[in-house]
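Architecture and fold: a report
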Amino acid sequence: MPATAHSFPPRFVWGVAAAAPQIEGAATTAGKGESVWDRLAKRPGAIHGGDTLEPACDHYRLFKKDFALMRELGVKNYRLSLAWPRIYPQGDGPLNRKGLDFYKRLFDAMGENGITPWVTMFHWDLPQALEDRGGWTARLAPEAFGRYADTIVSTFSGQVKNWITLNEIRCFTLLAHGPGKPGKAPARPVSAQLLNQTYHHAILAHGLGVRAVREHGGRGARVGLTDNSDICTPVFETPADIAAARAWFRRRNEHILGAISDGGYSAAYLRRCGADRPVVTKGDFDLISLPTDFLGLNIYAGTFVRAGRDGQPEELRPNATYPRADSPWLHWHPQCLYWGPRLAAEINGHKAIYITENGCGYDDDAPDARGEVLDLHRREFTRAYLRELQRGIADGAPVKGYFHWSFMDNFEWEDGYSRRFGLTHVDYKTQRRTPKLSAHYYSEIIRSNRIV
Ligand code: GBH
């Protein structure tokens, strides 16, 4: 197939993504400890419809079938996460060998199906025992994470070459401990100072994860963070609005992306924190700023920014008629895949970026009489976003791959099972999988390395 305006670069990585707590089920099987999400699911009103993480997609038992289906669809890269409480049920206490054995069988099955793993070490399922001792507000969390990272990287260095330290720091810090009614586990508001401390402990954990890969990952191992940076796009692609977007991006991401790439907090950030600034221990930033191989970005939506009358960046809020998915926060904003990677590369110097998640949540219908799920909305969403991604690559954005969220419908956190993000439909009663129209569409994109 000749290169056309719709093609992606040779060796572009196409994949699908999921995360352990959202698909595995088996929340207490083979010695697994309780996670903060298992605990939150017991709190009345915390999760839509009183849903819990059981049985989710029962992937713990059905993984071989799931990998066979991936293979049928031509999926060669799969981003998954390991459940920390399966491996260290108490977070930092005794090791549970059965947890490691499970993932060994999982990687073996992926290998048999020609699927390359991209492994996230932590996708929000903190062992509850650590939360009981302060969770991410305490230095204990990154310390325990470091030990867990050393264990998994040395155990799986032969099978795993692509490592992602953490998924979306904001979701287990700001959205779990921030002001108001936090929706994400452990849903425990803390003071402004402690909130800043959770960010610091998270980036420290990231550094310890990078160190684990450098020390134990073996030849060819690569590592990066997956961030849900605050993304914006200029309202008009004019120099003034682009400059406003750049300033907005820098400011909104300087406590995470900025701190990691600069090896310290900016004076502006510390000034804004005032007395609530995080406590930094000597040597922390040596770890935090260890060089990485790539940046992962999860991009769904973002904020429209323009140059305001006062010269400051001005945010424009979408009104009620602005198009969105059924997930109310998920405004259709394809240009985020153009500007997100571009701004991260320009401002923070990233040379290789993977879109580690992008997708849309709808209350998709069950298969029709012919057994099809005709999700034209997801086809259109994917196509529109990929067009912008491709425009960005053509303009020099260093994007090396794209992972669609998600391979199959799954437990969508506080939304329970109500919002479906899958390319594959899951009937939770029978555990039957039905690839949707969008799965076949994406399969064709992978096969031909171009937008079809
Ligand atoms: C990702 O999170 C997760 O990594 C993945 O596990 C998840 O299933 C997937 O996306 C789909 O949600 O305060 O009302 O504006 C995305 C997390 C969701 C975080 C929206 C911010 C804003 C809600 N983002 N949320 S609101």
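Remember, it's a predicted structure, so these values are computed and weren't measured experimentally.

1. Description of the sheet that holds strand E8 (residues 303-307)
Pairing is mixed across the open sheet formed by three strands, whose spatial order is E6-E8-E9. Only two strands of the sheet have a single neighbouring strand rather than two, namely strand E6 (232-234) and strand E9 (313-316). Across the sheet, the mean angle separating the axes of adjacent strands is 40 degrees when strand polarity is ignored. Sheet topology places E6 next to E8; three bridges connect them, and they run parallel. Of the residues in E8, the one forming a bridge with Thr233 is Phe304.

2. Quick look at the side chain of His200
Note on placement: His200 falls in helix H10 (residues 192-216). His200 gets classed as buried once you look at its relative accessible area, which sits at 0%. Ignoring any residue separated from it by four or fewer positions in sequence, one finds His200 in contact with Tyr265, Pro278, Val279, Val280, Asp284, Phe285 and Ile288.

3. Description of the pairing of strand E10 (residues 353-357)
Buried residues dominate E10, accounting for five of its five residues. One ladder, built from three bridges, connects E10 with strand E11 (residues 399-405); its direction is parallel. Along E11, the bridge assignment pairs Ile355 with Tyr402. Read as a crossover between parallel neighbours, the route from E10 over helix H15 (residues 376-394) to E11 is right-handed.

4. Here's the deal with the site of the ligand
Near the ligand you find 15 residues, and of these Gln22, His123, Glu357, Glu412 and Trp413 are the closest. Considering the ligand on its own, with 580 Å² of exposed area, one finds that the protein chains cover 71% of that surface. For the shell around the ligand, a count of residues per class yields eight nonpolar, four polar and three charged.

5. Regarding unusual backbone geometry
The step from Glu54 to Pro55 runs through a cis peptide bond, and the omega angle for that step is -10 degrees. For the bond from Ala185 to Pro186, the omega torsion is 5 degrees, close enough to zero to count as cis. Here Pro186 lies in the loop between helix H9 (174-177) and H10. Even without glycine at this site, Ala30 takes up a positive phi of about 50 degrees.

6. Digging into helix H7 (residues 140-156)
Over its 17 residues, H7 extends 24 Å from the first C-alpha to the last, a length consistent with the 24 Å expected when each residue adds 1.5 Å. Listing the buried residues of H7 in full gives Ala141, Pro142, Ala144, Phe145, Gly146, Tyr148, Ala149, Thr151, Ile152, Val153 and Phe156.

7. Observations concerning the packing of aromatic side chains
Tallied over the full model, the rule gives 38 aromatic pairs. A connected cluster of aromatic rings, assembled from ring pairs, spans Trp37, Trp124, Phe411, Trp413, Tyr417 and Tyr428. Across from the ring centre of Tyr441, 5.3 Å away, lies the NZ or CZ of Arg379, which sits over that ring. Positioned above the aromatic ring of Tyr338, the side-chain terminus of Arg391 is 3.8 Å from the ring centre.

8. Thoughts on the sheet that holds strand E7 (residues 294-298)
As summarised here, the arrangement of the eight strands in space is E1-E2-E3-E4-E5-E7-E10-E11, forming a closed barrel in which the pairing is parallel. Pairwise comparison of adjacent strand axes, ignoring direction, gives a mean angle of 25 degrees for this sheet. With four bridges connecting them, E7 and E10 associate as parallel partners. Counted as the bridge partner of Gly296 is Tyr354 from E10. Lying on the sheet, helix H5 (residues 97-112) is in contact with strand E2 (77-81) and strand E3 (116-122); it crosses E2 at an angle near 170 degrees. Across the sheet, helix H16 (residues 437-448) touches strand E1 (13-17) and E11, and the angle it forms with E1 is around 155 degrees.

Criteria and thresholds
- Residues numbered from 1 in each chain as written.
- Predicted model: local features only at pLDDT ≥ 70, side-chain atom pairs only at ≥ 80, totals over all residues.
- Heavy atoms only, no water.
- Pairing = 2+ DSSP bridges.
- Helix = DSSP H or I, 4+ residues; strand = E, 2+ residues; numbered from the N terminus.
- Axes fitted to C-alpha atoms, helices over the stretch in contact; angles between N-to-C directions.
- Buried < 20%, exposed > 50% of the residue type's maximum accessible area, 1.4 Å probe, protein only.
- Contact = heavy atoms within 4.5 Å.
- Right-handed = clockwise from strand over helix to strand, strands pointing away.
- Near = heavy atom within 4 Å.
- Areas by Shrake-Rupley, 256 points an atom, 1.4 Å probe, with all protein chains shown as cover.
- Nonpolar A, V, L, I, M, F, W, Y, C, P; charged D, E, K, R; others polar.
- Expected span 1.5 Å × (residues − 1).
- Phe/Tyr/Trp six-rings, centres within 6.5 Å; stacked < 30°, edge-to-face > 60°.
- Lys NZ or Arg CZ within 6 Å of the ring centre and 35° of its normal.

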